[in-house]
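So the chains spell out like this:
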2 protein chains.
Amino acid sequence: MTRLISSATGLLISTVIMAQQAIWGVPQFINPEINHDNTVTFRLYAPDAHSVYVDGDFIPITTTIASNGKEIKTRRPGMMKKGEDGIWVYTTPDPVAPELYSYRLNVDGLTITDPGNVFQIRDVGTVMNVFLVDGDNADYYKVSDTPHGTVSKVWYHSPTLGTDRRMTVYTPAGYEKGDKHYPVLYLLHGMGGDENSWSELGRAAQILDNMIASGEVQPMIVVMPNGNVDMQGAPGETSLGFQAPTIQLPSTWNGMFETHFPDIVEFVDSTYRTIPEKSHRAIAGLSMGGFHSMQISKEYPDMFDYVGLFSASVVPLEIKDSPIYRDFDRKLATQFAKHPRLYWIAIGKDDFLYQTNVDFRKKLDAATYPYEYYENTDGHIWRNWRIYLTKFLPRLFR
Amino acid sequence: MTRLISSATGLLISTVIMAQQAIWGVPQFINPEINHDNTVTFRLYAPDAHSVYVDGDFIPITTTIASNGKEIKTRRPGMMKKGEDGIWVYTTPDPVAPELYSYRLNVDGLTITDPGNVFQIRDVGTVMNVFLVDGDNADYYKVSDTPHGTVSKVWYHSPTLGTDRRMTVYTPAGYEKGDKHYPVLYLLHGMGGDENSWSELGRAAQILDNMIASGEVQPMIVVMPNGNVDMQGAPGETSLGFQAPTIQLPSTWNGMFETHFPDIVEFVDSTYRTIPEKSHRAIAGLSMGGFHSMQISKEYPDMFDYVGLFSASVVPLEIKDSPIYRDFDRKLATQFAKHPRLYWIAIGKDDFLYQTNVDFRKKLDAATYPYEYYENTDGHIWRNWRIYLTKFLPRLFR
């Protein structure tokens, strides 16, 4: 057997044989390197390049004042320096705070993913590398040595839409072996996202595993459907083939997602061991998913006792003439007359939707509708949506 | 709402705001373009680059004769040409046959994934872009408009190894709603692979969906475990964090995977609606997974009636002194004395394991052990393993 192993390893250096055999290469560098002091080092072997830099959300935001007095917020890319060995290197000047980060490299003007890091995440049409710095809230995003739930890609039939659609379902550790019934959180993505967004970018399974294991969160089922009714599922996962993602699909805001939502609840309650009651259902979403959560929860006021709006598009305009969007104020009054247990709003101060959220809260205040509010820094980014999930989950099903 | 959408779209061109908001970019090109005549065009905007080429398994193999008389097989990369607009273009000279292909770009000596294609697959330590040309066997690899099974990432406990481990489980369309019991195929990956390999690179879920829908294959559960007992799961999916993949782990060939295998069968039979009988269990694998299938099926001769060895490492040497690998011939005799319904061997003529498979078949022939054999061209590549799966599946559970 040693002989066989040697043969296989020999493939790595034989370009001739590689034409006929699997590619079993490994990257030249394991990137990035998180140093003992939590500074982070990036490397790239590119002897012929003239300019290489790394850009990503690990770089602190720099605020400058423009000549017109306006604040300008930018990230200054990390300029890599070439050594005599042809290896470009950049180390952050300061320790990087615990978080899940994404980044890309730029080589002579071309933005690329890092050949030294196989861990990548797609956000709409952008593929980025990721790395994680341990500690604080980021410990919720790690895979820990705890019992793990199951993450499934499941297809359901929607009678309303007349089609099969794909969703991600998290069932907590122990679900398969037991006969216990669980509450359900419906967790919705933003514009351009899909049923993979919360499990990939949002680290939802890791957050649930960790917070259930620590006792902070009740064991629950989490259902992550696809909010674009023009799509049966994520790009590449439907009969449309490897079609490129787009930021906005024709039926993104036409009310059909909200209209068909009871099909999802019906499927989930008839397929999983749920507790099929308002008191054991929550709905939350980010951005467009927050808009959906707001619309769905007020449209079906007996369905959800817990509502979470994360950086939500809260402007309840009547668009595309869907019955879903009509009579918003009256439906909202009905929803709050039924005393939902939690109406939770979260947004960052730099979010471009911040002011509309201020206005929405004024509307709730004026009507004396009770809600909880969480505000932090930064804007419309996944870092915030992961944080909001960790703040929202412990409040559910108590 | 129109106003909100405009604000969001406005993000795409504002680098200042992007420091605080999600990146919703889309690639400049949708790559590759599969033309009407099945030639394929690749594009890259890189005005400052000096040399750009595309390399991948869609390029036909060229055989030349070296001065020593030996055949040399290579693929000649597609040299891209720069237009005045700074866009590099390459179109294949001939139509590309139906298949799922992988490729990468090389810019001035640096091998990168294609910024114009968000669809990527990791094979051990190599990330490649993929595209699919319709037709023939490749139609099995597409997501079609058929009922879809569920693909789950599930953790099981192994008492033998004393740890929790991750597996991929495919349950056929209709599993959730019915009460039917199903046969089970255990499908094993190769060295350096993991529990994601068959569903990602092998398109196992698409193949099963399509072949079950067409009636060619019996509905079945497919269990894809992780064959590296040093790992609880795939790189990035365990408490080791975003650790780089390696081709060979310390315990890759020490018999522990085979020893613990009954834990997997016990978990599956107690968790899913299986038919827990030898006549309704199959085991198959590629390369190292073929070795595992050979060892496991002979070690537990009452467990599997169907065995598939795809480009398998069939040399049954006694390595690392595991009891699993002792007395191979005697155990094989016991296995065949119990008349397994199918012992299926497949390999390509260019596979580096070809001769060892010839020798293994001679051994079977000499002992008059019945088996079926499928041979094709090419070598140790995923294209072949997908083909072997489509040939093997229709033979099961008849």
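Structure: see above.
Residues numbered from 1 in each chain as written. Chains lettered and ligands numbered in written order. Predicted model: local features only at pLDDT ≥ 70, side-chain atom pairs only at ≥ 80, totals over all residues. Heavy atoms only, no water.

Draft legend 1. Seen up close, the interface of chain A and chain B. Every contact between the two is made by 96 residues of chain A and, on the other side, 95 residues of chain B. When chain A packs against chain B, the two sides together hide about 7900 Å² of surface, and 66% of this comes from carbon and sulfur. Across the chain A-chain B interface, the total number found is zero salt bridges. Summed over the shared surface of chain A and chain B, the number is eight residue pairs in polar contact (both at pLDDT 80 or more). Of the residues belonging to the side of chain A that touches chain B, the class tally is 51 nonpolar, 29 polar and 16 charged. Of the pairings in the sheet, the one linking strand S13 (residues 150–158) of chain A to strand S13 (residues 150–158) of chain B comprises three bridges and is antiparallel in character. The partner of Lys153 of chain A across the bridge, within S13 of chain B, is Val151 of chain B. (Contact = heavy atoms within 4.5 Å. Buried area = accessible area lost by both parts, 1.4 Å probe. Salt bridge = Lys/Arg side-chain N within 4 Å of Asp/Glu carboxyl O. Polar contact = N/O pair within 3.5 Å; in protein donor to acceptor, adjacent residues only side chain to side chain. Nonpolar A, V, L, I, M, F, W, Y, C, P; charged D, E, K, R; others polar. Pairing = 2+ DSSP bridges. Helix = DSSP H or I, 4+ residues; strand = E, 2+ residues; numbered from the N terminus.)

Draft legend 2. Broad picture of unusual backbone geometry. Backbone geometry places Arg203 of chain A, a non-glycine residue, at a positive phi of 50 degrees. Given the relative accessible area of 10%, Arg203 of chain A is considered buried. A positive phi angle is found at Ser311 of chain B, which is not glycine, with a value near 45 degrees. Here Ser311 of chain B shows up in the loop between strand S18 (306–310) and helix H7 (328–337). (Buried < 20%, exposed > 50% of the residue type's maximum accessible area, 1.4 Å probe, protein only.)

Draft legend 3. Representation of the side chain of Thr238 of chain B within the structure. Among the structural elements, Thr238 of chain B can be located in the loop between strand S16 (221–225) and helix H5 (256–271). The contact partners of Thr238 of chain B, leaving out residues within four places of it in the chain, are Val143 of chain A together with Gln232 and Gly233 of chain B.

Draft legend 4. Representation of the relation of the copies chain A and chain B in the model. In the superposition of chain A on chain B (RMSD 0.0 Å, axial shift 0.0 Å), the rotation amounts to 180 degrees. Read as a symmetry element, the transformation amounts to a two-fold axis. Nearest to the rotation axis, the C-alpha of Ser152 of chain A is located 2.0 Å from it, this being the minimum over chain A. With an isologous cut-off of 70% or more, the 99% of interface residues of chain A that recur at the interface of chain B puts this contact in the isologous class. (Least-squares fit on C-alpha atoms with pLDDT ≥ 70 in both.)

Draft legend 5. Local environment of the pairing of strand S19 (residues 342–348) of chain B. Residues and elements named next belong to chain B. Counting buried residues along S19, seven of its seven residues qualify, which places the element largely inside the surrounding structure. Burial along S19 is two-sided: the residues Leu342, Trp344, Ala346 and Gly348 and Tyr343, Ile345 and Ile347 are all buried. Pairing of S18 with S19 involves five bridges; the strand directions are parallel. Residue Gly308 lies in a different strand from S19, and its bridge partner there is Trp344. Relative to strand S20 (residues 372–376), S19 runs parallel, the two being bridged by five bridges. In the sheet register, Ile345 faces S20, and the bridge partner there is Tyr373. One crossover worth recording links S19 to the parallel S20 by way of helix H8 (residues 354–366), and it is right-handed. (Right-handed = clockwise from strand over helix to strand, strands pointing away.)

Draft legend 6. Looking closely at the sheet that holds strand S8 (residues 87–91) of chain A. All names here are of chain A. Pairing is antiparallel across the open sheet formed by four strands, whose spatial order is S1-S2-S8-S7. Strands at the two margins of the open sheet, each flanked by one partner only, are strand S1 (33–34) and strand S7 (81–82). Sheet topology note: the S1/strand S2 (residues 40–45) ladder contains two bridges and is antiparallel. Paired with Glu33 across the bridge in S2 is Thr41.

Draft legend 7. Structural detail: the packing of helix H6 (residues 288–299) of chain B against H7 of chain B. Residues and elements named next belong to chain B. The contact between H6 and H7 brings their axes to 8 Å, and the two run at 70 degrees. Our classification of the angle between H6 and H7 gives roughly perpendicular. Seen along the crossing, H6 lies across H7 with a hand that is left-handed. Listed contacts from H7 to Met294, Gln295, Ser297, Lys298 and Glu299 of H6 are Phe328, Lys331, Leu332 and Gln335. Here the residues of the contact of H6 with H7 sort into three nonpolar, three polar and three charged. (Axes fitted to C-alpha atoms, helices over the stretch in contact; angles between N-to-C directions. Parallel < 35°, antiparallel > 145°, perpendicular 65-115°, else oblique. Left-handed = near helix turned anticlockwise from the far one by under 90°.)

Draft legend 8. Representation of the packing of helix H4 (residues 204–213) of chain B against helix H9 (residues 382–392) of chain B within the structure. Residues and elements named next belong to chain B. At their nearest, the axes of H4 and H9 sit 11 Å apart, and the two run at 30 degrees to each other. It follows that H4 is roughly parallel to H9 by the angle criterion. As for how H4 packs across H9, the hand of that crossing is right-handed. Of H9, the residues touching H4 (which contributes Ala204, Ile207 and Met211) are Arg386, Leu389 and Thr390. Of the residues belonging to the contact of H4 with H9, the class tally is four nonpolar, one polar and one charged.

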